[in-house]
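Structure at a glance
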Amino acid sequence: MHIELAPATLNDIEALTALARRIWQATYSQIISQDQIDYMLAQRYSLPRLREELTQPTIWWDLVRVDGQLAGFASCLLLTESREMKLDKLYVDPHWQRQGLGERLLAAVIAHARAADCQTLILAVNKRNAQAIAAYRKHGFVVRDSVCVDIGGGFVMDDYLMARPVTMNEAQG
Ligand SMILES: CC(C)(COP(=O)(O)OP(=O)(O)OC[C@H]1O[C@@H](n2cnc3c(N)ncnc32)[C@H](O)[C@@H]1OP(=O)(O)O)[C@@H](O)C(=O)NCCC(=O)NCCS
């Protein structure tokens, strides 16, 4: 199989949002309500929001394709004050999970973090998302905090905050 990573462009938005919905349904149906899934997808993957993010100099979106088909994506953003990179999204098509695509996307995020001179990569993950937590642990993240954030609409995000050094011996992970 041919794996290719590339930055996302405005032309990718439609395929990206369709893939996001598919992965969210598969992942979060057991974890949060359908109303919350719809609310969060509308918040995070709206056309104006994605258009804006794709033109921001402190936000990076990367796609992974397998044999030309979109199979996953990641986005990260630079927290300028703390000089940390936040891994904001890491999503792989269920069909392609556990084949190293998440690791490939994470490597792209780490490259952005290094280029931006960040020492730490952070993320938030739902406490009940055991699969993602296992993946993050495998790739060197440890739990740094536990938070419950009001996101409006009567919903909360009940998350762990995880962190890893940008530069680490991969054997540690
Ligand atoms: C998290 C995610 C991006 C990882 O992508 P991936 O391509 O599967 O990642 P990799 O192949 O690089 O690493 C997979 C590792 O994660 C862990 N893992 C993944 N799925 C797992 C599961 N069902 N049970 C236990 N461990 C699991 C394992 O350590 C696995 O390594 P292994 O296959 O060698 O045992 C992917 O699982 C995903 O898209 N999940 C749904 C969306 C999501 O929850 N995203 C995170 C939002 S915060």
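Presented here is an overview of the structure given in this document. For clarity, every value in this text was computed on a predicted model and none was experimentally measured.

The rules behind these values
- Residues numbered from 1 in each chain as written.
- Predicted model: local features only at pLDDT ≥ 70, side-chain atom pairs only at ≥ 80, totals over all residues.
- Heavy atoms only, no water.
- Helix = DSSP H or I, 4+ residues; strand = E, 2+ residues; numbered from the N terminus.
- Buried < 20%, exposed > 50% of the residue type's maximum accessible area, 1.4 Å probe, protein only.
- Core = buried A, V, L, I, M, F, W, Y, C linked by side-chain atoms within 4.5 Å.
- Pairing = 2+ DSSP bridges.
- Axes fitted to C-alpha atoms, helices over the stretch in contact; angles between N-to-C directions.
- Parallel < 35°, antiparallel > 145°, perpendicular 65-115°, else oblique.
- Left-handed = near helix turned anticlockwise from the far one by under 90°.
- Contact = heavy atoms within 4.5 Å.
- Salt bridge = Lys/Arg side-chain N within 4 Å of Asp/Glu carboxyl O.

Looking now at unusual backbone geometry. Despite not being glycine, Arg83 has its phi angle at roughly 55°, a positive value. The phi dihedral of Asp117 is positive, around 65°, even though this residue is not glycine. You can see Asp117 is positioned in the loop between helix H4 (101-115) and strand E5 (120-126). Asp117 sits in the exposed class, given a relative accessible area of 59%.

Time to look at the nonpolar core. Ranked by size, the top nonpolar core spans 27 residues in total, and within it Met85, Leu121, Tyr136 and Phe141 carry the most contacts. The biggest single contributor to this core is H4, with six residues. Core analysis: the second largest hydrophobic core is formed by 24 residues, Ala8, Ile23, Ile31 and Phe73 among them.

Bringing the pairing of strand E3 (residues 69-79) into the picture now. Put simply, side chains in a regular strand alternate between the two faces of the sheet. E3 sits mainly inside the fold: eight of its eleven residues count as buried. Sheet topology note: the strand E2 (residues 59-66)/E3 ladder contains eight bridges and is antiparallel. Within E3, the residue paired with Leu63 across the bridge is Phe73. Pairing of E3 with strand E4 (residues 84-92), which is carried by eight bridges, proceeds in the antiparallel orientation. The partner of Gly72 across the bridge, within E4, is Val92.

Running from amino to carboxyl end, helix H1 (residues 13-28) crosses helix H2 (residues 34-44) at an angle of 150°, the nearest separation of the two axes being 11 Å. The orientation of H1 with respect to H2, classified from their angle, is roughly antiparallel. Here the hand of the crossing between H1 and H2 comes out right-handed. Contacts from Ala20, Arg21, Trp24, Gln25 and Tyr28 in H1 reach Gln34, Ile37, Asp38, Met40, Leu41 and Arg44 in H2.

Two side chains with opposite charge may pair up if their charged atoms get near one another. Evaluated as defined, the whole model comprises eight salt bridges. With its nearest N and O atoms 2.9 Å apart, the salt bridge here joins Arg49 to Glu53. On the criterion of helical spacing, the pair formed by Arg49 and Glu53 is a turn pair, its members being four residues apart in helix H3 (residues 47-55). Take Arg49: its relative accessible area is 34%, and that puts it in the partly exposed class. The exposure class assigned to Glu53 is buried, which follows from its relative accessible area of 6%. With a shortest N-O distance of 3.7 Å, Asp88 and Lys86 are connected by a salt bridge. Using a relative accessible area of 24% as the deciding quantity, one classes Lys86 as partly exposed. A cluster of three or more residues bridged by salt bridges with shared partners is formed by Lys86, Asp88 and Lys89.

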